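Below are the chains, spelled out letter by letter.
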Amino acid sequence: QVQLVESGGGLVQPGGSLRLSCAASGSIFSIYTMGWYRQAPGKQRELVAIITGGGSTNYVDSVKGRFTISRDNAKNTVYLQMNSLKPEDTAVYYCNTGNRWGKGTLVTVSS
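Residues numbered from 1 in each chain as written. Predicted model: local features only at pLDDT ≥ 70, side-chain atom pairs only at ≥ 80, totals over all residues. Heavy atoms only, no water.

Undergrad: In this structure, what is going on with the environment of Gly-65? I would like to understand it.
TA: Tracing the chain through its elements places Gly-65 in the loop between β6 (57-59) and β7 (67-72). The class for Gly-65 is exposed, based on a relative accessible area of 85%. In this structure, the C-alpha to C-alpha distance between Gly-65 and Asn-83, residues 18 residues apart in sequence, is 8.7 Å. (Helix = DSSP H or I, 4+ residues; strand = E, 2+ residues; numbered from the N terminus. Buried < 20%, exposed > 50% of the residue type's maximum accessible area, 1.4 Å probe, protein only.)

Printed below as a string of structure tokens:
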């Protein structure tokens, strides 16, 4: 079974940047569609960005132009580069593929 482990969260000031990583087990990682989701306190989990095995990407409108999802198939890792962070980006960020979820990494944007 695929296991997902996120890292890279932390506290950052508004306007700052963070890069999240999600390391995946599994020998066929390259064909998986991978997604980053987030859940803010008191809100439902929402899709942030997705990348297919072929490298096609899609983003929720609120992060377009600020966040970039990418993958390194040689390292079985997917990344989320987050720039120009805003307080409303504060959430637990989860990595997903199919019905598999990581445990999440907390991103806090605050001055």
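Continuing now.
Undergrad: Would you mind showing me how to read the state of the cysteines here?
TA: Two cysteines, two sulfur atoms, one covalent bond between them: this is a disulfide. Considering all chains together, one arrives at one disulfide under this definition. There is a disulfide in this structure between Cys-22 and Cys-95, and the S-S distance comes to 2.1 Å. The sign of the S-S torsion, about -85 degrees, decides the handedness of the disulfide formed by Cys-22 and Cys-95: left-handed. You can see Cys-22 sitting in strand β3 (residues 18-24) and its partner Cys-95 sitting in strand β9 (residues 91-97), a full 73 residues away along the chain. Classification of Cys-22 as buried rests on a relative accessible area of 0%. (Disulfide = S-S within 2.5 Å.)

Undergrad: Could you clarify how one ought to interpret the environment of Thr-57 in this entry?
TA: Considering the arrangement of structural elements, one finds Thr-57 in strand β6. A residue is classified by how much of its surface remains accessible, and Thr-57, at 38% relative accessible area, is partly exposed.

Undergrad: Would you mind going over the side chain of Arg-71 with me for this structure?
TA: Topologically, Arg-71 is positioned in strand β7. Buried Arg-71, no salt bridge; nearest opposite-charge side chain is Asp-72, N-O distance 8.5 Å. Among the polar contacts made by the side chain of Arg-71, one reaches the main-chain carbonyl oxygen of Tyr-32 at a distance of 2.7 Å. If sequence neighbours within four positions are ignored, Arg-71 has contacts with Phe-29, Ser-30, Tyr-32, Met-34, Ile-51, Thr-52, Gly-53, Thr-77 and Val-78. (Lys, Arg positive; Asp, Glu negative; His and termini not counted. Salt bridge = Lys/Arg side-chain N within 4 Å of Asp/Glu carboxyl O. Polar contact = N/O pair within 3.5 Å; in protein donor to acceptor, adjacent residues only side chain to side chain. Contact = heavy atoms within 4.5 Å.)

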